[in-house]
Amino acid sequence: MGIRIENIRKSYGTEQVLDGVNLEITDRSFFSVVAPTGAGKTTLLRILAGIEAADSGTVYYDGQDMADVAVQDRSVGMVYQEFINYPSLTVRENLASPLEVSDQNYSREEINRRVEETAEMLKIDHILNNLPEEVSGGEAQRTAISRALIKEPDYLFMDEPLANLDYKLREQLRSDFERLFSEQDTTVIYATPQAGDALAMSTHIGFLHDGNIIQDAPRDEIYFRPRHLPVAQFLGEPPMNVLSGTLIEDRSGDRFFELEDGTRIVAGTTGGSFPTLSTDREYLIGFRPQDMVYLNGDDPAEAHGEKTVISPDLAFVETVGSTSTLHLEYQGKEVYALNTGPVHMEAGSTLSFSLDPQKLYVYDPETGDLIAAGSKIPSFSQ
Amino acid sequence: MKQRPWLFLLPALLLVSISAFIPLIAVMNYSQLTLLPGTQPYFSGLENFIAILEDEAFRGALYRQFIFSFLVLITEIPLGLGLAMCMPKEGPGVGVSLVLLGIPLLIPWNVVGIIWRVFTRSDIGVLPAAFDWVGYSYSVSSSTADAWWTVLAMDIWHWTPLVVLICYAGLQAIPQEYYMAAKIDRASPWKTFRYVTLPNLRGVLIIAVLLRLMDSFKIYAEPFVLTGGGPGNSTTFLSTYTSRMAIGGFQMGRGAATSLIYFFIVILLSFVIYIVMLNLGQGAGGDK
């Protein structure tokens, strides 16, 4: 059944943070609420958990209206950006504390068994006798997550739990989460501004924009079919490239998007791709950085058939881990391309990339809605 | 140019040496001399120290000092913390309560003494009149108990606000998430206080306790103005004793030796309390 919310509104002073949010989160899913910092993710999570009351709207758990159920009477756990553990209790005592104050009267053996099990699951069994201040940030957060999980709550809310960890620890915890929650019955609701985190772990993603969830869908669907421009540009690291161009059909029936400088991006033939688009109209053309194929020394004019070649200037290269992001400049706009492995290229040089028209996205310049997508982009039945 | 940093430190160093280091060294020097008016000073080694430690009046003052400081701490710290927890967290009430609390701190010691001296005067004072009304004969100049609790009340009135301000700042710095976590754990208000508020306040409480300990050891003006250390010697604390010895009794050497012993006691006590508080309640799983 899961969580369902209807028409949730919340404002602080004159600022409308949530403006009629509707959402359904199915049981046992890993649902990420993704949005830039300050968009209201934390507020939404707190309302869902029952820590904060909405101005209006209803929250249902398994179909039951939760308005009169206080947070401590719900089966929820909460993990925050800060590592929240009782400072004067050891890790073991911290893990045991939710069980000890519970009205279910767990026996000493039961508590010990659960502490050991949970600690092992989150790989903190070697620090059980330490104080929270004596362990590393990653371990402190693992302790906080264990504290939240030990009561086996139906719903676990996590508010940017990886934000205060360094890069390596994030990666580690991220892969642990994936493994952990695919085995658990717990439904996870996870708020993050990091598209990468959400795409790595979630089963479902909801994108919060201007006080509303503008798209929520299974992970692959929202990634491959972002229905609105903000979703497309936010979900993806680096973001989707967007150029604006006019759709033109020449006498032979070939269609292309003509950019401001006259460059033509092939859109296929009549009846080919994008048959529904009308010509002589302006569109926003989106393409993922990884779909820009670098033409290393190949003759750009030759053998690319239907594909378009664009030639931006290289601004600089950013190498993270084993992937290089090429920051390019094209018609005064920033465009990104990906390259596996570190590269050595001169800044300022002009590079050539080919684009597959079947991997293009077309957005409406006025509404920002997706109106067409290339045939090589996976589609999902609605 | 390697010496340049020292150049910038020089003014501060000069100030500290003139105000602290040099006087302290001078006192160390005096403490080993016999200095009596009209005679040549001469070196007498540890004689001054021995004489003081054997002096009944000194032991009495020290004993009273310990009791006084103990009472000050066990009243002002819990009271200050309690008041801080009652204060509003936001809204216009914050400014109002902070200003009200700040007022006693702005009043100089001797003025506090004079105010309370007027309060306690048998002819025009409000306290004797009030107690007379309920049938109790109140007098700071004849009753030891009255003198004691009046001096204590003065100190509590004057300095609890400092503890409140320190605790309030500390409380504001505790992330709300701790309280939410405790709530989700169904922790009782007492357990929330014991396992969330107190441990997170450890640092500021140490500062509050040390400040109040050192300050209460220095209490001088209040009993001096109120009772002059009486009745008898009952409100004579270490500072009163020291100044009497040095200035009233013209025994500068002994006075210097008393100050050093006094200084040593304060440092030692502060250190012990600091260490104890730093380790108090860590991993306290036993007493849940």
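Source: prediction; values computed, not measured. (Residues numbered from 1 in each chain as written. Chains lettered and ligands numbered in written order. Predicted model: local features only at pLDDT ≥ 70, side-chain atom pairs only at ≥ 80, totals over all residues. Heavy atoms only, no water.)

Draft legend 1. Here's a closer look at the overall build of chain B. The secondary structure content of chain B amounts to twelve helices and two strands. For chain B, the sequential pattern of α-helices and β-strands runs α-β-β-α-α-α-α-α-α-α-α-α-α-α. C-alpha atoms of chain B, sized along the principal axes, occupy 75 × 75 × 40 Å. Within the span of chain B, comprising 288 residues, buried residues form 43% of the whole. Considering only intrachain contacts with a sequence separation of at least 6, the fraction spanning at least 24 residues in chain B is 70%. Summed over its atoms, the accessible surface of chain B is roughly 15800 Å², and 73% of this surface lies on carbon and sulfur atoms. With 17 positive and 15 negative side-chain charges, chain B shows a spacing of 9 Å between the two charge centroids. (Helix = DSSP H or I, 4+ residues; strand = E, 2+ residues; numbered from the N terminus. Buried < 20%, exposed > 50% of the residue type's maximum accessible area, 1.4 Å probe, protein only. Contact = heavy atoms within 4.5 Å. Areas by Shrake-Rupley, 256 points an atom, 1.4 Å probe, with all protein chains shown as cover. Lys, Arg positive; Asp, Glu negative; His and termini not counted. Charge placed at Lys NZ, Arg CZ, Asp CG, Glu CD.)

Draft legend 2. Region of the structure containing unusual backbone geometry. Residue and element names in this part refer to chain A. A cis amide bond, omega -5°, links E237 with the succeeding residue P238. The phi angle at E160 is positive, at roughly 45°, despite the residue not being glycine. Mapped onto the elements, E160 comes out in the loop between strand 7 (155–159) and helix 5 (167–183).

Draft legend 3. Representation of empty space enclosed by the protein. Counting across every chain of the model gives three cavities of 30 Å³ or more. Lining the largest cavity we find 16 residues, and of these M78(A), R147(A), A148(A), I184(B) and D185(B) sit closest to its centre. Class assignment of the residues belonging to the lining of the largest cavity gives a composition of ten nonpolar, two polar and four charged. In this structure, the second largest cavity occupies an estimated 110 Å³ of space. Together, 14 residues line the second largest cavity, and Y86(A), S97(A), V101(A), K191(B) and Y195(B) are the ones closest to its centre. Mapped by element, the contributors of at least two residues to the lining of the second largest cavity are helix 2 (91–100) of chain A together with helix 9 (189–217) of chain B. Top contributing element to the lining of the second largest cavity by residue count: helix 9 of chain B, with four residues. Across the lining of the second largest cavity, the residue classes tally to eight nonpolar, two polar and four charged. (1 Å grid on protein atoms, 1.4 Å probe; cavity = no way out; pocket = protein on both sides within 12 Å on 5 of 7 lines; lining within 4 Å. Points joined across faces, edges and corners; volume = space filled by probe spheres on them. Nonpolar A, V, L, I, M, F, W, Y, C, P; charged D, E, K, R; others polar.)

Draft legend 4. Examining the pattern of salt bridges more closely. Residue and element names in this part refer to chain A. Scanning the model with the defined rule gives 32 salt bridges over all chains in all. For E52, the salt bridge is made with K10, and the minimal N-O distance between the two is 3.7 Å. Remark: K10 occurs in strand 1 (residues 3–12) and E52 occurs in the loop between helix 1 (41–49) and strand 4 (56–61); sequence separation between them is 42 residues. With a relative accessible area of 10%, K10 lands in the buried category. (Salt bridge = Lys/Arg side-chain N within 4 Å of Asp/Glu carboxyl O.)

Draft legend 5. Spotlight on the pairing of strand 6 (residues 76–79) of chain A. Residue and element names in this part refer to chain A. Residues of strand 6 alternate between two faces, with V76 and M78 on one and G77 and V79 on the opposite face, all of them buried. The pairing of strand 6 with strand 7 spans four bridges and is parallel. Looking at strand 7, one finds that V76 is bridged to Y155. (Pairing = 2+ DSSP bridges.)

Draft legend 6. Quick look at the layout of surface pockets. Residue and element names in this part refer to chain A. When its volume is computed, the largest pocket comes out at roughly 780 Å³. Lining the largest pocket are 25 residues, and of these Q194, G196, E237, P238 and V320 sit closest to its centre. For the lining of the largest pocket, the elements supplying multiple residues, two or more each, are helix 5, helix 6 (195–201), helix 8 (229–234), strand 17 (313–320) and strand 18 (323–330). Per-element accounting of the lining of the largest pocket gives the leading share, five residues, to helix 6. Grouping the constituent residues of the lining of the largest pocket by class yields ten nonpolar, nine polar and six charged.

Draft legend 7. Looking closely at the interface of chain B and chain A. Contacts between the two partners involve 23 residues from chain B and, on the opposite side, 27 residues from chain A. Summing both sides of the interface, chain B and chain A together bury roughly 2200 Å²; the carbon and sulfur share of this comes to 59%. Considering only the surface of chain B that becomes buried against chain A, I184(B), D185(B) and R186(B) emerge as the three largest contributors, covering 32% of it. Where chain B meets chain A, there are two salt bridges. (Buried area = accessible area lost by both parts, 1.4 Å probe.)

Draft legend 8. Structural view of the sheet that holds strand 3 (residues 30–34) of chain A. All names here are of chain A. Here six strands make up an open sheet; going across it, the order is 6-7-8-3-9-10 and the pairing mixed. Here the strands that pair on one side only, and so sit at the sheet edges, are strand 6 and strand 10 (212–218). Within the sheet, the average angular offset between the axes of one strand and its neighbour, ignoring direction, is 15°. The pairing of strand 3 with strand 9 (residues 204–209) spans four bridges and is classified as parallel. In the strand pairing of strand 9, S32 is matched with I205. Running at roughly 170° to strand 6, helix 4 (residues 137–149) makes contact with strand 6 and strand 7 of the sheet. (Axes fitted to C-alpha atoms, helices over the stretch in contact; angles between N-to-C directions.)

So yeah, pure geometry; function would need other evidence.
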